[in-house]
Amino acid sequence: LFRGSLLILLLVGCGNPMQEELLSYINEDLPPLAEKESEVIARYESVTGDNYTNDEVMYAALVDEVQPKYQSFITDLEAVEIEEKEIKTVAVTFANIEAKALASLKETVDHYLHIKNALANDNGAEAAKGAKAMEGALSKMDKSLLTAEQKTAYDKIEESLKATATSIAKNGND
């Protein structure tokens, strides 16, 4: 569900209606779904791995709680209506992303937001700091963790992100 982070990066230059739908998707649609997903994962983890006690307890939890709650989560996720084709495409493409790749993308998004906020406050020096940090995050991204489809989507924006970060890092103090 943290695909909202990647949506921000992939749709940085999108127009106003798309921005509104994107913000609604990230701020309104995803948070309750993330909470629901976390509950399912927590319940699953409570009966597996180090928390495993016996097959009977695990089976009952999986059949009676985890599976129905997960199915409900999937139903709710699929019910989210997305009008903009670009948002819909990214949401589907990045529905299942490797945790390490997600962490790298989150770091990049955090730095992007740092730049955005600094620029909104007319603070070029702070924007330059954020841009330098974003350059570092982009250079550390391990694209081998992405599926072929995710890599294709990421590759489409990577050079633009790098160029923008480099430009802001060099010119942020001007």
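1. Points about the pattern of salt bridges
Line of reasoning, step 1. Under the criterion given, the structure shown has eight salt bridges.
Line of reasoning, step 2. Here Lys140 makes a salt bridge to Glu107, at a shortest N to O gap of 3.2 Å. Here Glu107 lies in helix α5 (residues 99-120) and Lys140 lies in helix α6 (residues 124-140), a separation of 33 residues in the sequence.
Line of reasoning, step 3. Assessed through its relative accessible area of 53%, Lys140 is described here as exposed.
Line of reasoning, step 4. Note that Glu158 and Lys143 form a salt bridge whose closest N and O atoms lie 2.8 Å from each other. Note that Glu158 is positioned in helix α7 (residues 148-171) and Lys143 in the loop between α6 and α7, a separation of 15 residues in sequence.

2. Brief notes about α6
Turn by turn, an α-helix covers 3.6 residues, leaving residues three or four places apart pointing in a common direction.
Line of reasoning, step 1. Here α6 is 17 residues long and its end C-alpha atoms lie 24 Å apart, about the 24 Å a rise of 1.5 Å per residue gives.
Line of reasoning, step 2. Along α6, the residues classified as buried are Ala127, Ala128, Gly130, Ala131, Met134, Ala137 and Leu138.
Line of reasoning, step 3. Structurally, α6 contributes buried residues whose contacts are with α5 and α7.

3. Looking at the packing of aromatic side chains
Line of reasoning, step 1. Per the counting criterion, the structure on display carries one aromatic pair.
Line of reasoning, step 2. On the numbers, 5.7 Å between centres and 40° between planes, the contact of Tyr70 with Phe73 is tilted. Separated by three residues within a single helix, Tyr70 and Phe73 lie in helix α3 (residues 55-79), roughly one turn from each other.
Line of reasoning, step 3. Judged by relative accessible area, Tyr70 falls into the partly exposed class, the value being 42%.

Calculation notes
Residues numbered from 1 in each chain as written. Predicted model: local features only at pLDDT ≥ 70, side-chain atom pairs only at ≥ 80, totals over all residues. Heavy atoms only, no water. Salt bridge = Lys/Arg side-chain N within 4 Å of Asp/Glu carboxyl O. Helix = DSSP H or I, 4+ residues; strand = E, 2+ residues; numbered from the N terminus. Buried < 20%, exposed > 50% of the residue type's maximum accessible area, 1.4 Å probe, protein only. Expected span 1.5 Å × (residues − 1). Contact = heavy atoms within 4.5 Å. Phe/Tyr/Trp six-rings, centres within 6.5 Å; stacked < 30°, edge-to-face > 60°.

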